[in-house]
Amino acid sequence: GIATSLLFSVFESWLIGAHIEKGLTSSSSNKTCSKDEEEKWLAKSFSYSTYGSSLVAIASGVLANVVVENSGKMRPLPILGGNMIYVGGYI
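Remember, predicted model here, so these are calculated numbers, not experimental data.

What counts, and where the lines are drawn
- Residues numbered from 1 in each chain as written.
- Predicted model: local features only at pLDDT ≥ 70, side-chain atom pairs only at ≥ 80, totals over all residues.
- Heavy atoms only, no water.
- Patch = residues over 30% accessible without salt bridge, like charges linked within 9 Å, V, L, I, M, F, W, Y side chains within 5 Å.
- Areas by Shrake-Rupley, 256 points an atom, 1.4 Å probe, with all protein chains shown as cover.
- Salt bridge = Lys/Arg side-chain N within 4 Å of Asp/Glu carboxyl O.
- Helix = DSSP H or I, 4+ residues; strand = E, 2+ residues; numbered from the N terminus.
- Expected span 1.5 Å × (residues − 1).
- Buried < 20%, exposed > 50% of the residue type's maximum accessible area, 1.4 Å probe, protein only.
- Phe/Tyr/Trp six-rings, centres within 6.5 Å; stacked < 30°, edge-to-face > 60°.

Trainee: What am I meant to see in a nonpolar patch on the surface here?
Mentor: Where nonpolar side chains cluster on the molecular surface, the patch consists of Tyr-86, Val-87, Tyr-90 and Ile-91 and spans about 570 Å² of accessible area. For Tyr-90, the location among the structural elements is in helix H3 (residues 76-90).

Trainee: Looking at this structure, how should I read helix H2 (residues 35-71)?
Mentor: In a regular helix each residue adds 1.5 Å, so 37 residues correspond to 54 Å; H2 covers 54 Å between its end C-alpha atoms and thus fits that length. When H2 is considered as a whole, its buried residues turn out to be Glu-38, Leu-42 and Val-67. Two residues or fewer after H2 comes Gly-72, characterised by a positive phi angle close to 75°.

Trainee: Quick question: what am I supposed to make of the packing of aromatic side chains here?
Mentor: How two aromatic rings sit relative to each other is given by the distance of their centres and the angle of their planes. Within the structure shown, the criterion is met by 1 aromatic pair. Look at Phe-11 and Trp-14: their rings are 5.8 Å apart centre to centre, the planes differ by 35°, and that puts the pair in the tilted class. Separated by 3 residues within a single helix, Phe-11 and Trp-14 lie in helix H1 (residues 2-21), roughly one turn from each other. Looking at Trp-14, the relative accessible area reads 54%, which means it is exposed.

This is the structure we're talking about:
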């Protein structure tokens, strides 16, 4: 509950802050965007984020299913451990 709420609200706050920092708001001093353009930028960004998250979730589920089917056991963690270490090191 709380962790999921923080996960999504923190990203959304960061995204809006990044748009403001890049000057993609109608309230910025150089007026680079109109209010409609600002809303389009944010809508497009949130759309890409949602679409990308959905694709990653689907791909992860399919990969986990393939690993479990091929190993014959409910132990995908040891098989995918190398990937977890790589991603952890990358981050």
